[in-house]
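Letter by letter, the chains look like this.
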Amino acid sequence: MKKSTSTFTQPLKSIAKLATIASILAASFNVFAEPVEIKFSHVVAENTPKGQMALKFKELIEQRLPGEYVVNVFPNSQLFGDNNELAALLLNDVQFVAPSLSKFERYTKKLQIFDLPFLFEDMAAVDRFQQSDSGQKLLNSMNRKGVVGLGYLHNGMKQFSANNPLMLPKDANGKKFRIMASDVIAAQFDAVGAIPVKKPFSEVFTLLQTRAIDGQENTWSNTYSMKFYEVQSHITESNHGVLDYMVVTSNTFWKGLPADKRAVFKSSLDEAIALGNKIAAEKDNEDKQAILDSKRSELVTLSPEDRQQWVNAMKPVWAKFEDQIGKDMIDAAQAANTK
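Cut-offs used in this document
- Residues numbered from 1 in each chain as written.
- Predicted model: local features only at pLDDT ≥ 70, side-chain atom pairs only at ≥ 80, totals over all residues.
- Heavy atoms only, no water.
- Buried < 20%, exposed > 50% of the residue type's maximum accessible area, 1.4 Å probe, protein only.
- Helix = DSSP H or I, 4+ residues; strand = E, 2+ residues; numbered from the N terminus.
- Arc of directions from axis to C-beta.
- Contact = heavy atoms within 4.5 Å.
- Polar contact = N/O pair within 3.5 Å; in protein donor to acceptor, adjacent residues only side chain to side chain.
- Salt bridge = Lys/Arg side-chain N within 4 Å of Asp/Glu carboxyl O.
- Phe/Tyr/Trp six-rings, centres within 6.5 Å; stacked < 30°, edge-to-face > 60°.
- pLDDT = per-residue confidence, 0-100.

Draft legend 1. Main features of helix α4 (residues 123-131). Those residues of α4 that sit buried are Ala 125, Val 126, Phe 129 and Gln 130. Looking straight down α4, one finds that the buried residues subtend no more than 135 degrees of arc, so they occupy a single side. Structurally, α4 contributes buried residues whose contacts are with α5 (133-138), β4 (147-162), β8 (234-250) and α13 (327-335). The opening residue of α4 is Asp 122, an N-cap whose side-chain oxygen sits 3.3 Å from the backbone nitrogen of Ala 124.

Here it is, written out as structure tokens:
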């Protein structure tokens, strides 16, 4: 006996209706689902290149993935200080941070290259090296530790500041200088008889104001935004090193993003970093001039001969860390000084 086809079509219609209902419910769930919170923590002011980069990243993500993600930016160590933001990243308490390159020492020794004194002639050389194959390779140097490097953010060349004019290396002898937690920078100050003191960035102003330390090293941008010039009588335009950042996330968070979302995050971050680097170049001269106009700090300009004395005193630090960094990397960085 031949079965009626209606016997089969009825269940099929029911299945189709259920599928439609499921689709509607799924769509409704997506509409009313809360956006995923992304936390971006950093330790500097919002008016710095890093601060402006983070805000641009927030703007782009919320424009390009509306309702899916919300990016909350926490400046000025509001969420985590510079000594614990990487640990917080790996615990997924925050999803993006942008520490100075010195902060990665416990995760890789390779990035110590950026702390070597007088290695780069200017920011153009820094940029050429970072965009080279060698520089891009360093972004992946912490993958085994769970940290994913996504891009370099400029701040500028570092200058010395103190409560006495630093004309020659001997002028730093016996003076206490705040430094980041970097063995290379500690060795740099040891080389001129100074006393390196490792302290968080958020404490520097108070340490200078109370004369607990005698000086520090920083970019024009940070020196201006954090008002260090108000409590330091002299700033030596040494351009002795670079203070850049690396924007990083955790391997767990990055791989957990859907591939299409990850692409949007990366392109948005690249665009935000490009803006931050443009601002950094502009602010370098603007903030320097603002400090000079304030007349709170006196500018110390080094003659070529005086600067060479600093180079001669500090360059032996390179050899001390060559095995950890790699001679090939140092050679590549030096090659970037030539266009």
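Draft legend 2. Seen up close, helix α6 (residues 183-190). With six of its eight residues buried, α6 lies for the most part within the structure. N-capping of α6 is provided by Ser 182, with a side-chain oxygen placed 3.3 Å from the backbone N of Val 184.

Draft legend 3. How the structure looks around the pattern of salt bridges. Counting across every chain of the model gives 14 salt bridges. Between Arg 64 and Glu 271 there is a salt bridge, with the nearest N and O atoms lying 2.6 Å from each other. In this pair, Arg 64 is assigned in helix α2 (residues 49-64) and Glu 271 in helix α10 (residues 259-294), connecting sequence segments 207 residues apart. Note on Glu 271: relative accessible area 36%, which makes it partly exposed.

Draft legend 4. Spatial organisation of the packing of aromatic side chains. The tally for this structure, following the rule as stated, stands at 17 aromatic pairs. The interplanar angle of 70 degrees and the centroid separation of 6.3 Å between the aromatic rings of Phe 253 and Phe 265 together place this pair among those described as edge-to-face. Within this pair, whereas Phe 253 is found in helix α9 (residues 251-256), its partner Phe 265 is found in helix α10, the two being separated by 12 residues in sequence. Accessibility classification places Phe 253 together with Phe 265 in one group, the buried group. Ring-pair connections join several aromatic residues into one group, and the members of that group are Phe 40, Phe 57, Tyr 69, Phe 96, Phe 253 and Phe 265.

Draft legend 5. Representation of the confidence of the model for the protein within the structure. Per-residue confidence for the protein gives a mean pLDDT of 91; residues scoring 70 or more make up 91%. Between the elements of the protein, mean pLDDT differs from a low of 53, seen in helix α1 (residues 6-32), to a high of 98, seen in strand β3 (residues 96-97).

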